[in-house]
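# Summary of structural features
Spelled out from the first residue to the last, the chains are:
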Amino acid sequence: MAKDYSGGSPKHHHLEQKRKRLTWILGVSGLCVLFYVLGAWKNTNTTVTDKSELSNKAGCDVTNPKSQTSVLPSSTSLDFEAHHMIGINETGSSIQKIPACEMSYSEYTPCQHAPRSRKFDRAMLKYRERHCPTKEELLLCLIPPPPKYKNPFKWPQSRDYAWFDNIPHKELSIEKAVQNWVQVEGDRLRFPGGGTMFPRGADAYIDDINELIPLTKGKIRTAIDTGCGVASWGAYLLKRDILTMSFAPRDTHEAQVQFALERGVPAMIGIMATQRLPYPARAFDMAHCSRCLIPWHQYDGMYLIEVDRVLRPGGYWILSGPPINWKKYWRGWERTQEDLKQEQDSIEDVVKRLCWKKVVEKGDLSIYQKPLNHIECVKSRKTFKTPHICKADAADNGWYTNMEKCITPLPEVSSSDEVAGGAVEKWPERAFALPPRISSGSIPGINAEKFREDNELWKDRVSHYKRIMSPLAQGRYRNIMDMNAYLGGFAAAVMKYPVWVMNVVPSNSNHDTLGVIYERGFIGTYQDWCEAFSTYPRTYDLIHAAGVFSIYQDRCDITYILLEMDRILRPEGSVIFRDTVEVLVKIQSITEGMRWKSQIMDHESGPFNPEKILVAVKTYWTG
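Residues numbered from 1 in each chain as written. Predicted model: local features only at pLDDT ≥ 70, side-chain atom pairs only at ≥ 80, totals over all residues. Heavy atoms only, no water.

- The name an unreviewed UniProt entry assigns to the protein chain is Methyltransferase, from the organism Papaver somniferum.
- As stated in UniProt under Sequence similarities (unreviewed entry), the record for the protein chain gives "Belongs to the methyltransferase superfamily." (UniProt positions renumbered as here; feature names shortened; annotations may be inferred.)

Structure below.
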C-alpha cells in the first residue's frame, strides 16, 4: 500500500528543512560577528583617567606629589600573553626585575662618558667624540633620577625656569655670572637669556641679526648653533618660528645641553672634531657661532667646509666673538691685535675659497652667505686650487663619517640663479609642500603620492593618539622623539601642539629620508639604536617608536634599547610603540621589570589590523 505523504511532496518537504537550517546558521553567525565587533569596540573605546583612577586600576603604588596628569588609558588591556610568544634576542627568558644603578650614574651619558673618553687621543678633540661602551660594558640597570626630582615647568615658562634639584649644578651660574647664562634663585634656576656675546640678552641680539638678514618672513626655518651654551639663542628664535639644532660637547661647563633640554629647547651633545656632524647635506638655512671657540681657520678650513656641507644653498653663516670686532675687544680677549687680525684674514680666505660671499659686518656680527649653486664655484677652481670639489656622491653620510677637506658638490643646475637641489617653500607652507628630494626622484620608491598618503596616515594616527592620550593636547609634553621618523609625518601632524620633535632616521634604514625632513622645516639626526643617543638622562617627555623593534630585533639585544629609552625618558614620561603583537608582548614583558606601566591597544583602524599599539608610562621614582 502506498505511503500517504500528507505534508506534500518529499522534495518540497526537504527543501523547507534545508531553508530553515540555513536561516538558523546565518542568524547565529550574524549574532557572533555582532557581539565580537561590540566587544572589540568596547576594548578600543578608551578614555584617559586621572592619576587616582590610574593608581586604582593599574595598581600603581608609586606616586609623585609633583606629578601631572597620567596618560595610560583606563580600559581593559588586550591580553596576548598566552598565545603570542616568540624568541626575540633578549637578556633572560622570564620577567627580569632590573635594579637601579648607583646614584653616581644619575647623569650618565654612555657614548660621552668622561672616564672612557680620556683613553682616546686628545688631538683635534677626538676624545670628546662619540665613544660608546662595548657589549661587556653595557649597564643592566636603571639610571636613577635625583632624590628630589620634579616634573619640569611647562612651556613656555620652562624657557626661563628649571628646578635646581633636577640639574643640581651651580658651576655655570658662577663661571658665567657676568654673562647671565643662568642664575640660582632658591629652589629654581632662572635663564635670563644672556650669553657671552649678547650681554643685552638673546632677544636683543636676535633683533640685531634681523636688521641684517630677514628672520621673520618664513624664508629661514632651520638653524644650527655650534657650541650653544645653554641654547638661549635657539630658545628665543622659537618665537620667530625658527627651529634650531643646538649642540655642545660634554666638557668642563657642566650640563650645558642638559640645561637646554630641561628648558624645552632642542639640543644634543656634539662637537666638531674629526667626524661629520650627524646631519644630511643641505639641511640648515642658517648656522651660528657665538664665541664657540671652534678654530675655523685651522686644518685647511675643514670645520667651515663641514658647515658648508650642512648649509642649504643660499644659507647664512653668522659669526660673533673672536676675531670679529677685534679692534674693540682685543685687550679683554687677552690676545694681540696682530694675532686676531691674522685669524680673521684666514677665515675670510677660507670663505672666499668656499665661494661664499660676505653679506655684512656690523658691530659684533659678521654674516656670510653660501651660493645658490656651484656654477661659478667650479669656474673659480682655476684660481683656487684648494679646497677642491669632492668627487664622491655620499654628501648625506653623517654617521661615523670622517670630515673631508673638499667642498661637498651641489646638485647640478641649468642657470646661475637656480637653487641647487630645488627651492623650498616659506614656512609654514613648507611643512606640507612636496620636498625637492622627492619631486626630483632622488629617493627611490618615494613619490608625491606616497608623500601625500603618509601625511594623511599620520594625521589619522595623531588624532587617535589625542583620543587615548589627552596630555598631548594639554601641554603635558614638550620634548618629543620619533625613533623612526621616515618622512617626518608624525612631526608634521603634531605641529599645532606646543611641542618640538627630534626626528631620528636609523642609520641602517633602507632609504635615507632625513634630508626630506629638513626640507619640510623640521630637525633630526641619524642614529644606530644599538648604541646610546647623544643626550643626558631624562630629556624627553614622549618617545614614539613605530616599527623600531622589528628593525633591530635581530641586530642587538632589545633589552638595552629599552634601557636607553628609559634613560632618556623623564619620570612619568610616555612611550608609544607600534609593532606586531609578538614584538609588543616581548617589549611589555621587559618593561614590567623596568617599573613601567603599559597597555596593548588595538590599531586605530580596528581589531583586525595585525599591528597593535603599546602605550607605556615610566612611573615616578627617584634614587
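### Observations regarding the pairing of strand E10 (residues 365-369)
- Across the five residues that make up E10, a large majority, five, are buried.
- Side chains of E10 alternate between two faces, with Leu-365, Ile-367 and Gln-369 and Ser-366 and Tyr-368 buried alike.
- Note: strand E8 (residues 311-320) against E10, five bridges, orientation antiparallel. Counterpart to Ile-318 in the pairing with E10 is Ile-367.
- The pairing of strand E9 (residues 357-362) with E10 spans five bridges and is antiparallel. Residue pairing in the sheet places Lys-357 in a bridge with Gln-369 of E10.
- If you look at the hairpin formed by E9 and E10, you'll find two residues sitting between the two strands, and Gly-363 has a positive phi there, around 60 degrees. (Buried < 20%, exposed > 50% of the residue type's maximum accessible area, 1.4 Å probe, protein only. Helix = DSSP H or I, 4+ residues; strand = E, 2+ residues; numbered from the N terminus. Pairing = 2+ DSSP bridges.)

### Some points on the environment of Thr-559
- Take Thr-559: it is sitting in helix H18 (residues 558-568).
- A residue is classified by how much of its surface remains accessible, and Thr-559, at 3% relative accessible area, is buried.
- Taking the C-alpha atoms as reference, Thr-559 lies 6.8 Å from Ile-590; in sequence the two are 31 residues apart.

### Regarding helix H19 (residues 581-591)
- In terms of residue burial, H19 counts as a mostly covered element, since 10 of its 11 residues are buried.
- Among the residues of H19, those classed as buried are Val-581, Val-583, Leu-584, Val-585, Lys-586, Ile-587, Gln-588, Ser-589, Ile-590 and Thr-591.
- Where H19 is buried, its residues touch helix H17 (548-552), H18, strand E15 (569-580), strand E16 (596-601) and strand E17 (611-618). (Contact = heavy atoms within 4.5 Å.)

### Section: empty space enclosed by the protein
- Under the criterion given, the structure shown has eight cavities of 30 Å³ or more.
- Taken as a whole, the largest cavity encloses approximately 290 Å³ of empty space.
- Around the largest cavity, the lining comprises 23 residues; the ones closest to its centre are Arg-130, Gly-270, Ile-271, Arg-276 and Pro-278.
- Where the lining of the largest cavity is concerned, the elements lending two or more residues are strand E6 (267-269) and strand E13 (523-527).
- Partitioning the lining of the largest cavity into residue classes produces 11 nonpolar, eight polar and four charged.
- Shared between two domains, the lining of the largest cavity takes at least three residues from each, and those domains are domain 1 (197-381) and domain 2 (429-618). (1 Å grid on protein atoms, 1.4 Å probe; cavity = no way out; pocket = protein on both sides within 12 Å on 5 of 7 lines; lining within 4 Å. Points joined across faces, edges and corners; volume = space filled by probe spheres on them. Nonpolar A, V, L, I, M, F, W, Y, C, P; charged D, E, K, R; others polar. Domains from an automatic or database assignment.)

### Examining the sheet that holds strand E3 (residues 188-190)
- The antiparallel open sheet is built from three strands, whose spatial order is E1-E3-E2. In the strand order of this sheet, the two ends are held by strand E1 (161-163) and strand E2 (183-185), each with one partner. Pairwise comparison of adjacent strand axes, ignoring direction, gives a mean angle of 30 degrees for this sheet.
- In the sheet, E2 pairs with E3 via three bridges, with the strands oriented antiparallel. Looking across to E3, one finds that Val-184 is bridged to Leu-189. (Axes fitted to C-alpha atoms, helices over the stretch in contact; angles between N-to-C directions.)

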